[in-house]
Amino acid sequence: RSMHVVVEWANRNRTPLHAHVSEQQAENDQCIEAYGLTPTTLLNEHGMLGSGFTAVHATHLAGVDVDLLGVARATVCLCPTTERDLADGIGPALLLRDSGARLALGSDSHAVIDLFEEARAVELDERLASQVRGSHDAPSLLRAATEHGHACLGWPEAGRLEVGALADFVSLRLDTVRTAGASPSTALEAAVFAASAGDVHHVVVGGDVIVAGGRHLRLDVAAELAATITELMGAE
């Protein structure tokens, strides 16, 4: 019943819908035991799936789940570093993409927050699972990290550089120990497959410069993190 309420509200207000789906096998087992359906088929039965729906994680999907998400043109937000950290498994990114689902990326981890790592992990994890290279190229991974991610949040006007879009972007150094040697023809591949968050040079949000020259202009990030961690450890 609550799902119908959420769907009706989202449709009425034209807002996107997100749900954690099949992150662990135990979730599937419990859902099947309770309803006789996988989480994805249960969501579909209640009208959740559609182009405005995003399945977060989607690590353990049955074939019918992949087909349903693809037919619905739904988005799947992969969080590879979280799946790796928690030993959840490797999601069927290639099958989802080929079915018609749109891939996006999330940073759902407290261990690593680095969208470059999330992007390349989609391809590198796929290699481990399939023993095949090159299923996801740099342009498609970058779109998952930028344009598709923004779109599934309800911001189709962000995630790309063009007239009329939001002035949200980052610049990346190509002269660090990870990116040195990149040429104009290989810069995109270097960014996706070699760079890290530490190579980000500038961050601009809505035209406002937040980070310049690799330095946050409003706070000392490392000091704030250290203070927060110390406070949390003390609370325990």
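Each remark here, short or long, concerns the structure printed above.
What this report covers is the structure whose coordinates are included nearby. Sequence order as written defines residue numbering, which begins from 1 separately in each chain. With the structure being a predicted model, the display of local features is reserved for residues of pLDDT at least 70 and the display and counting of side-chain atom pairs for 80 or more, all residues being used for whole-chain, interface and lining totals. With hydrogens and water set aside, each side-chain value is computed from the structure's full complement of heavy atoms.

**Considerations on the pairing of strand β3 (residues 75-78)**
Partly exposed describes any residue whose relative accessible area lies between the buried limit of under 20% and the exposed limit of over 50%, with all areas from a 1.4 Å probe on protein chains only and scaled to the type maximum. A run of DSSP states H or I qualifies as a helix once it reaches four residues; a run of E qualifies as a strand once it reaches two. Both are numbered from the N-terminal end. Side chains of β3 alternate between two faces, with Thr75 and Cys77 and Val76 and Leu78 buried alike. Should DSSP find at least two bridges between two strands, the strands are regarded as paired. Of the strand pairs in this sheet, strand β2 (residues 53-57) and β3 are connected by 3 bridges, and their pairing is parallel. Looking across to β3, one finds that Thr54 is bridged to Thr75. This β-α-β element, β2 to helix α4 (residues 63-71) to β3, shows right-handed connectivity. Relative to strand β4 (residues 102-105), β3 is paired through 4 bridges, and the arrangement is parallel. Bridge assignment links Thr75 to a residue of β4, and that residue is Arg102. By the criterion used throughout, a crossover qualifies as right-handed when its path from the first strand across the helix to the second strand runs clockwise, the strands pointing away from the viewer.

**Considerations on the environment of Val6**
In this fold, Val6 is placed in helix α1 (residues 2-13). For the pair formed by Val6 and Leu17, sequence separation is 11 residues and the distance between their alpha carbons is 8.5 Å.

**A closer look at the side chain of Asp125**
Relative to the helices and strands, Asp125 is located in helix α7 (residues 115-130). In this tally, Lys and Arg are treated as positive and Asp and Glu as negative; His is ignored, and so are the chain termini. Here, a salt bridge means any side-chain nitrogen of Lys or Arg that lies within 4 Å of a carboxyl oxygen of Asp or Glu. One buried charged side chain, Asp125, makes no salt bridge at all; its nearest oppositely charged neighbour is Arg84, positioned 4.4 Å away. Note on definitions: a residue-residue contact is assigned when non-hydrogen atoms from the two residues lie within 4.5 Å. If we skip the residues at most four places from it in the chain, Asp125 touches Pro80, Arg84 and Ile90.

**Observations regarding the pattern of salt bridges**
Under the criterion given, the structure shown has 8 salt bridges. The shortest N-O distance in the salt bridge between Arg120 and Glu117 comes to 3.0 Å. Here Arg120 pairs with Glu117, and both are found in helix α7, just 3 residues apart, close to one helical turn. The pair formed by Arg120 and Glu117 is uniform in burial state, with each residue classed as buried. With a shortest N-O distance of 3.1 Å, Glu162 and Arg160 are connected by a salt bridge. Where salt bridges share partners, they join Arg84, Glu117 and Arg120 into one cluster.

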